[in-house]
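For reference, the chains in residue letters:
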Amino acid sequence: MMPAPTYRLRTATAHDRPFLLHVYGSTRAEELAQVDWSDAEKARFVEMQFDAQATHYRETYPDGHYEVIESPAGEPIGRLYLHRGNHDLRIIDIALLPAWCGRGLGSRIVRDILDEAVATGRTVSIHVEIFNPANRLYDRLGFEPVETRGLYRLMQWAPQQHREVCHG
């Protein structure tokens, strides 16, 4: 078995906006391939949605940790937004560039969050679109559905249900 990939986190700054916009756009590419818009129209739409999402996240989680995921070489490869509440670690958002998907890195990052939850006695939660392929990862790691609203499902993981987090 190959070892889990490594990564680094650093606080996102205003200078990261173009990269974070690119990451966000990559999460919408498949959806936007279905519409008959020009590239300029798609870019405007993605930027508008990115700004609305960023505003919502910062208003809802003003003390959240908004971080850039980097490769061991320091290359920005994704984003992790995490709110460390008193009783819950809320994964606000996690996204990797497509070239970094399928390598086990997302699993590694989520498992590290689960380890933090075990160490601090907190749950972990995330809202996931019901059609998102990442649902398989959250199911495999033991997240349980709590509620579904529209296209989003709230998933939660509780450390008392999982005595240890399996790395691999």
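Placed above this text is the structure.
Residues numbered from 1 in each chain as written. Predicted model: local features only at pLDDT ≥ 70, side-chain atom pairs only at ≥ 80, totals over all residues. Heavy atoms only, no water.

Quick look at the side chain of serine 71
Relative to the helices and strands, serine 71 resides in the loop between strand 2 (65-70) and strand 3 (76-84). Taking relative accessible area as the criterion, serine 71 reaches 2% and is therefore assigned buried. Once residues within four sequence positions are removed from consideration, serine 71 is found in contact with Arg8, Ile77 and Trp100. (Helix = DSSP H or I, 4+ residues; strand = E, 2+ residues; numbered from the N terminus. Buried < 20%, exposed > 50% of the residue type's maximum accessible area, 1.4 Å probe, protein only. Contact = heavy atoms within 4.5 Å.)

Digging into the environment of alanine 29
Considering the arrangement of structural elements, one finds alanine 29 in helix 1 (residues 17-32). Overall, the relative accessible area of 42% leaves alanine 29 in the partly exposed class. Along the sequence, alanine 29 and lysine 42 sit 13 residues apart, while their C-alpha atoms lie 9.2 Å from each other.

What to know about the pattern of salt bridges
Note that side chains of opposite charge can pair when their charged atoms are close. Overall, the coordinates contain 12 salt bridges when judged by the stated rule. Residue glutamate 70 is joined to arginine 10 by a salt bridge in which the shortest nitrogen-to-oxygen separation is 2.5 Å. Pair noted here: glutamate 70 is in strand 2 and arginine 10 is in strand 1 (residues 8-11), with a separation of 60 residues, a long-range link. When its relative accessible area of 9% is taken as the criterion, glutamate 70 is described as buried. For the salt bridge of arginine 28 with glutamate 31, the shortest nitrogen-to-oxygen distance reads 2.6 Å. Placement of the pair is arginine 28 and glutamate 31 together in helix 1, with a separation of three residues, close to one helical turn. Accessibility expressed as a relative area gives 40% for glutamate 31, which makes it partly exposed. Each member of the salt-bridge network shares a partner with another, and the members are Arg8, Arg10, Asp16 and Glu70. (Salt bridge = Lys/Arg side-chain N within 4 Å of Asp/Glu carboxyl O.)

Considering the pairing of strand 6 (residues 144-149)
For a regular strand, side chains alternate in direction, first toward one face of the sheet and then toward the other. Pairing between strand 6 and strand 7 (residues 152-157): five bridges, direction antiparallel. Bridge pairing in strand 7 places proline 145 opposite methionine 155. Linking strand 6 to strand 7, which pair antiparallel, is a turn of two residues; within it glycine 150 sits at a positive phi near 60°. (Pairing = 2+ DSSP bridges.)

Description of the side chain of arginine 28
Taking the relative accessible area as the measure of exposure, arginine 28 reaches 13% and is therefore buried. Within the structure, arginine 28 has its side chain in polar contact with the side chain of tyrosine 24 (distance 2.4 Å). Setting aside residues no more than four positions away along its own chain, arginine 28 makes contact with Phe45 and Gln49. (Polar contact = N/O pair within 3.5 Å; in protein donor to acceptor, adjacent residues only side chain to side chain.)

Considerations on a nonpolar patch on the surface
On the surface, Phe131, Leu151 and Tyr152 cluster together into a nonpolar patch covering about 380 Å² of accessible area. Examined against the element boundaries, leucine 151 turns out to sit in the loop between strand 6 and strand 7. (Patch = residues over 30% accessible without salt bridge, like charges linked within 9 Å, V, L, I, M, F, W, Y side chains within 5 Å. Areas by Shrake-Rupley, 256 points an atom, 1.4 Å probe, with all protein chains shown as cover.)

Structural notes on the packing of aromatic side chains
For the coordinates displayed, the defined rule picks out five aromatic pairs. Between tryptophan 37 and phenylalanine 45, the aromatic rings sit 5.2 Å apart at their centres with planes inclined by 65°, giving edge-to-face as the arrangement. On the basis of relative accessible area, tryptophan 37 is assigned to the partly exposed category, the value being 36%. Ring centres of tyrosine 138 and phenylalanine 143 lie 5.2 Å apart, and the angle between their planes is 75°; this geometry places the pair in the edge-to-face category. For the pair tyrosine 138 and phenylalanine 143, a shared accessibility class is recorded, and that class is buried. By the ring-pair criterion, three or more aromatic residues cluster together here, those being Tyr57, Tyr66 and Tyr81. (Phe/Tyr/Trp six-rings, centres within 6.5 Å; stacked < 30°, edge-to-face > 60°.)

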